[in-house]
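Chain by chain, the residues run as shown.
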Protein chains: 2
Amino acid sequence: MITTASTPQATQSKLPPADAKARVSQLMRQLQDEICQGLQQLDGVGTFQEDAWERAEGGGGRSRVMRDGAIFEQGGVNFSEVWGSHLPPSILAQRPEASGHKFYATGTSMVLHPRNPYVPTVHLNYRYFEAGPVWWFGGGIDLTPYYPFASDATHFHSTLKATCDAHSTEYYPVFKPWCDEYFYLKHRQEMRGVGGIFFDYQDGQGQLYRGPHPEGAAAVYSTQVGTLEPRSWSELFAFVSDCGRAFLPAYAPIVEQRRFMEYGDRERNFQLYRRGRYVEFNLVYDRGTIFGLQTNGRTESILMSLPPLVRWEYGYKPETDTPEAELYETFLKPQDWVRWTSADM
Amino acid sequence: MITTASTPQATQSKLPPADAKARVSQLMRQLQDEICQGLQQLDGVGTFQEDAWERAEGGGGRSRVMRDGAIFEQGGVNFSEVWGSHLPPSILAQRPEASGHKFYATGTSMVLHPRNPYVPTVHLNYRYFEAGPVWWFGGGIDLTPYYPFASDATHFHSTLKATCDAHSTEYYPVFKPWCDEYFYLKHRQEMRGVGGIFFDYQDGQGQLYRGPHPEGAAAVYSTQVGTLEPRSWSELFAFVSDCGRAFLPAYAPIVEQRRFMEYGDRERNFQLYRRGRYVEFNLVYDRGTIFGLQTNGRTESILMSLPPLVRWEYGYKPETDTPEAELYETFLKPQDWVRWTSADM
């Protein structure tokens, strides 16, 4: 159910406004502030502690961590703004025009690890780059439940789709499968969770750079995705702003629904085990983590996304006809969550 | 205190014997058997459970795991023998002569995670590759203590040095700093533990391919390392055999010394935290892990090295004048453990 975009057209590179960096940097700080405030209200007990830091090569950031909240065992919300003489090779391979140029990057990222296994983990990251002749926005948001509730996935995706649709009906049908592809653990043949939206290298010219296709994706949506319609810098800026502000309405109602559900050792052990996949994804595949480690970022801030307690178990398989098995069979595969009905189960 | 080897000479590629693959494969199986038997005797309670597996692209292996032993919370010893149409890019970059050729690889690897935080974690891996015109041995063994006992590090290194010296007095002075460089977490500016020996791409022609230099290394040994004297295939085979057989005498006495030491939550929490570094190293840097994941290896066997329970803690720093601080200040930096005396503390 992909909407194929119109025929790609050669478009002139659209320049960002003169105050682009300052505007995006301010937006990223605001998003951090608004998200932290919203999460503190939601949790009711935990508060964020801030560490401000500077980077020797240029720039710095504000890392904020909540620990031992009523809901959140650990949550981190980072803002950073860095610059330097050259981008790392992993990015230059995708953006060769940036070679030999200085770069600027700013972004906000967040990972929440709730204590109750019925409350899903959630991740958000939005970022902006400038390097010589090129600039782009990237990021997204995705949900990682431990226990399968289709209504949670549907609420999350419907909220994101509405945000996307307000800017372009092209977006959700492209950024939803892109998210499934990005948060795919190839070595496990599993998606990290139920996804959300993801995009990278959005410079208004509509190019797409997508990842490996997850198992089972072809059954759910077409793999044929064209380019997107050209967009101006301001249009993309407004879109990213709204994406950041969609986080609380997409996530908070799910937390309210699940936070008081009772659980025992079985659910806790499964949660700790599944958290291992989060570690595997972040250390093996995640572009933000690799960018940070390659650019001498602040290690504690980059790895703040890792869960406070994690289990690995050799050869684990869920028992058949259990909620754990349902997670694997249905929720860790691509699904059209917006159109989901109970008949799909 | 590096012995600089003689001037490099152009030497002819020394061919392996016709039965090279069969001989190394048999050695790797024997090492797995001997190590598992020795560890079961040492533990006294835990036994290894074996999974035999096959790889669709060619080859297979035997994974053996011990869980909930008296000493070992989890231990894995793998044997594998795989072949395929081409090596992954990460290896071809180091060995371009192997491009366009089929490959064969066999090896044994082991990681032990003891429950008692006073007993160190240990890792061993020896491997052999053939690909068209090239062949090589690689591997090593290294010790990761959680609490600082200089006598353990000295015993471990002295045993390895004696094994090396029996083959060539060139080996230990080269393979010891190579290990420090290989098991170095650049993003933490820490070594993984007290090291041991490591080498890679040993094809008898004496080339070295070394990693980033850890902080503080220059104070301990020279960074000037020449090439090694040429060696025949049989000499390297005999050396690797003896390295494999040095594991039990290098490690078992340390376990016997520490296994009954009493510990509490503080020591356990520190152990779980430090285990996080093991995860970071294996997923971000380890060649064996990356090779396995890139070649569609058996994920459960590759990631068997990950600890059963792990903690991350944002911004952790050990208190001054504690054993935990001593680990960081002295044991996670390069040291000449063989010559260590109490005056060095």
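Residues numbered from 1 in each chain as written. Chains lettered and ligands numbered in written order. Predicted model: local features only at pLDDT ≥ 70, side-chain atom pairs only at ≥ 80, totals over all residues. Heavy atoms only, no water.

Asks: Honestly, the nonpolar core in this entry has me stumped. Any pointers?
Replies: In terms of nonpolar packing, the biggest core is built from 72 residues, with L39(A) and F247(A) touching the most fellow members. Looking at this core, the element that brings in the most residues is helix 1 (residues 20-43) of chain A, giving 9 residues. One finds Y182(B), I197(B), L228(B) and W340(B) within the second-largest nonpolar core, a separate group that totals 71 residues. (Core = buried A, V, L, I, M, F, W, Y, C linked by side-chain atoms within 4.5 Å. Buried < 20%, exposed > 50% of the residue type's maximum accessible area, 1.4 Å probe, protein only. Helix = DSSP H or I, 4+ residues; strand = E, 2+ residues; numbered from the N terminus.)

Asks: Honestly, the packing of helix 3 (residues 150-165) of chain A against helix 4 (residues 171-182) of chain A in this entry has me stumped. Any pointers?
Replies: Packed helix pairs are characterised by how far apart their axes lie and by the angle those axes make with each other. All names here are of chain A. At their nearest, the axes of helix 3 and helix 4 sit 9 Å apart, and the two run at 135° to each other. Between helix 3 and helix 4, the angle is such that the two are oblique. In this structure, helix 3 crosses over helix 4, and the sense of that crossing is right-handed. Side by side, helix 3 and helix 4 meet where H157, L160, K161, C164 and D165 of the first sit next to Y171, Y172 and K176 of the second. (Axes fitted to C-alpha atoms, helices over the stretch in contact; angles between N-to-C directions. Parallel < 35°, antiparallel > 145°, perpendicular 65-115°, else oblique. Left-handed = near helix turned anticlockwise from the far one by under 90°. Contact = heavy atoms within 4.5 Å.)

Asks: Where do I start with the sheet that holds strand 1 (residues 49-54) of chain A in this structure?
Replies: Note: strands within a sheet are paired through backbone hydrogen bonds, in either parallel or antiparallel orientation. Residue and element names in this part refer to chain A. If you walk across this open sheet you meet the 7 strands as 1-2-3-4-5-6-9, and the pairing is antiparallel. Each of the sheet's edge strands pairs with one partner strand only, and the pair in question is strand 1 and strand 9 (195-202). Neighbouring strand axes in the sheet, compared pairwise and without regard to direction, differ in orientation by 5° on average. Note: strand 4 (residues 103-114) against strand 5 (residues 121-131), 10 bridges, orientation antiparallel. In the strand pairing of strand 5, Y104 is matched with E130. Helix 1 rests against strand 2 (59-67), strand 3 (72-84), strand 4, strand 5 and strand 6 (134-144) of the sheet, and its axis sits at about 170° to strand 3. Of the strands in this sheet, strand 3, strand 4, strand 5 and strand 9 are in contact with helix 8 (residues 287-294), which crosses strand 9 at around 45°. (Pairing = 2+ DSSP bridges.)

Asks: Help me understand the sheet that holds strand 5 (residues 121-131) of chain B in this model?
Replies: Residues and elements named next belong to chain B. Taken in spatial order, the 7 strands line up as 1-2-3-4-5-6-9 in an open sheet, and their pairing is antiparallel. Lying at the two open borders of the sheet, with one neighbouring strand each, are strand 1 (49-54) and strand 9 (195-202). The average angle at which neighbouring strand axes cross in this sheet is 5°, direction not considered. Inspection of the sheet shows strand 6 (residues 134-144) paired to strand 9 by 6 bridges, in the antiparallel sense. Within strand 9, the residue paired with I141 across the bridge is I197. Along the sheet, helix 1 (residues 20-43) makes contact with strand 2 (59-67), strand 3 (72-84), strand 4 (103-114), strand 5 and strand 6, crossing strand 3 at roughly 170°.

Asks: What is the right way to look at the interface of chain A and chain B in this model?
Replies: Buried accessible area, meaning the area lost when the parts come together, often serves as the stated size of an interface. Contact residues are listed per partner, giving 30 residues for chain A and 30 residues for chain B. When chain A packs against chain B, close to 2,600 Å² is buried across both sides, 58% of that on carbon and sulfur atoms. When the buried surface of chain A facing chain B is broken down by residue, E300(A), W312(A) and Y314(A) rank first, second and third, together holding 33% of it. Linking chain A with chain B are 15 residue pairs in polar contact (both at pLDDT 80 or more), by the criterion used here. (Buried area = accessible area lost by both parts, 1.4 Å probe. Polar contact = N/O pair within 3.5 Å; in protein donor to acceptor, adjacent residues only side chain to side chain.)

Asks: Would you mind showing me how to read the pairing of strand 6 of chain A here?
Replies: Two faces make up the sheet, and in a regular strand the side chains alternate between them. Residue and element names in this part refer to chain A. Strand 6 sits mainly inside the fold: 11 of its 11 residues count as buried. In strand 6, alternate side chains face the same way, and those of V134, W136, G138, G140, D142 and T144 on one face and W135, F137, G139, I141 and L143 on the other are all buried. For strand 5 and strand 6, the ladder comprises 11 bridges, and the chain directions are antiparallel. Across the sheet, the residue bridging to T121 is T144, located in strand 6. Hairpin remark: strand 5 followed by strand 6, antiparallel, with 2 residues in the connecting loop; positive phi at G132, about 60°.

Asks: Is there a simple way to think about the state of the cysteines in this case?
Replies: Covalently bonding the sulfur atom of one cysteine to the sulfur atom of another cysteine gives a disulfide. Residues and elements named next belong to chain A. Evaluated as defined, the whole model comprises 0 disulfides over all chains. With no disulfide of its own, C164 has C243 as its nearest cysteine by sulfur position, at a separation of 5.3 Å. Owing to a relative accessible area of 0%, C164 belongs among the buried residues under this scheme. (Disulfide = S-S within 2.5 Å.)

Asks: How should the pattern of salt bridges be read in this particular structure?
Replies: Note that side chains of opposite charge can pair when their charged atoms are close. Residue and element names in this part refer to chain B. All chains considered together, the criterion is met by 50 salt bridges over all chains. Put simply, R115 and D68 hold a salt bridge, and the shortest N to O gap is 3.4 Å. A residue pair is termed long-range when its members are at least 10 positions apart, and R115 in the loop between strand 4 and strand 5 and D68 in the loop between strand 2 and strand 3 qualify at 47 residues. Among the salt bridges present, the one from R192 reaches D142, with a minimum N-O distance of 3.0 Å. Note that R192 is positioned in the loop between strand 8 (190-191) and strand 9 and D142 in strand 6, a separation of 50 residues in sequence. In terms of burial, R192 and D142 fall into one category: buried. (Salt bridge = Lys/Arg side-chain N within 4 Å of Asp/Glu carboxyl O.)

Asks: It is not clear to me how the side chain of R188(A) should be interpreted in this structure. Could you clarify?
Replies: Take R188(A): it is sitting in the loop between strand 7 (184-185) and strand 8 (190-191). Looking at R188(A), its side chain comes within polar contact range of the side chain of E280(A), at 2.7 Å. Among the polar contacts made by the side chain of R188(A), one reaches the side chain of E300(B) at a distance of 2.8 Å.

Asks: What is the right way to look at the packing of aromatic side chains in this model?
Replies: Aromatic rings in a pair are described by how distant their centres are and how their planes are angled relative to each other. Applying the stated criterion to the full structure yields 60 aromatic pairs over all chains. Measuring from ring centre to ring centre gives 4.8 Å for F129(A) and W136(A), while their planes differ by 10°; the resulting arrangement is stacked. Under the relative-accessibility criterion, W136(A) is labelled buried at 1%. With centroids separated by 5.1 Å and ring planes inclined at 10°, the aromatic side chains of W233(B) and F237(B) adopt a geometry described as stacked. Remark: F237(B) and W233(B) occur in helix 5 (residues 233-245); sequence separation between them is 4 residues, near one turn of the helix. Given the relative accessible area of 2%, W233(B) is considered buried. An aromatic cluster is built from Y126(A), Y171(A), F175(A), W178(A), Y182(A), F183(A), F198(A), F199(A), F239(A), F281(A) and Y285(A), whose rings are joined through pairwise contacts. Seen from the ring of F237(B), R23(B) lies directly overhead, with NZ or CZ sitting 4.8 Å from the centre. (Phe/Tyr/Trp six-rings, centres within 6.5 Å; stacked < 30°, edge-to-face > 60°. Lys NZ or Arg CZ within 6 Å of the ring centre and 35° of its normal.)

Asks: Help me out: how do you make sense of the side chain of R311(A) in this one?
Replies: Residues and elements named next belong to chain A. In this fold, R311 is placed in strand 10 (residues 309-311). R311 sits in the buried class, given a relative accessible area of 17%. There is a polar contact of 3.1 Å between the side chain of R311 and the backbone oxygen of N269. Here E313 takes part through its side chain, which lies 3.0 Å from a polar atom of the side chain of R311.

Asks: What is the right way to read the relation of the copies chain A and chain B from this model?
Replies: For the pair of chain copies, the relating transformation is a rotation about an axis with a translation along it. Its rotation angle being 180°, the transformation that places chain A on chain B also includes 0.0 Å of axial translation and leaves an RMSD of 0.0 Å. This pairing of chains is accounted for by a two-fold axis. Of every C-alpha in chain A, the one belonging to V310(A) sits nearest the axis of rotation, 2.6 Å from it. In this assembly the copies share their binding face: 100% of the residues contributing to the interface of chain A also contribute to that of chain B. (Least-squares fit on C-alpha atoms with pLDDT ≥ 70 in both.)

Asks: Got a minute to help me understand the packing of helix 5 (residues 233-245) of chain A against helix 6 (residues 247-258) of chain A in this structure?
Replies: All names here are of chain A. Contact pair helix 5 / helix 6: the axes reach a minimum separation of 4 Å and the direction vectors enclose 15°. Taken together, the axes of helix 5 and helix 6 are roughly parallel relative to one another. In contact with C243, G244 and R245 of helix 5, helix 6 contributes F247, L248 and P249.

Asks: How do you make sense of helix 1 of chain B when you look at a structure like this?
Replies: Between the first and last C-alpha of helix 1 of chain B there are 34 Å, a value that for 24 residues agrees with the 34 Å anticipated at 1.5 Å per step. Looking one or two residues past helix 1 of chain B, G44(B) carries a phi angle of roughly 85°, positive in sign. (Expected span 1.5 Å × (residues − 1).)

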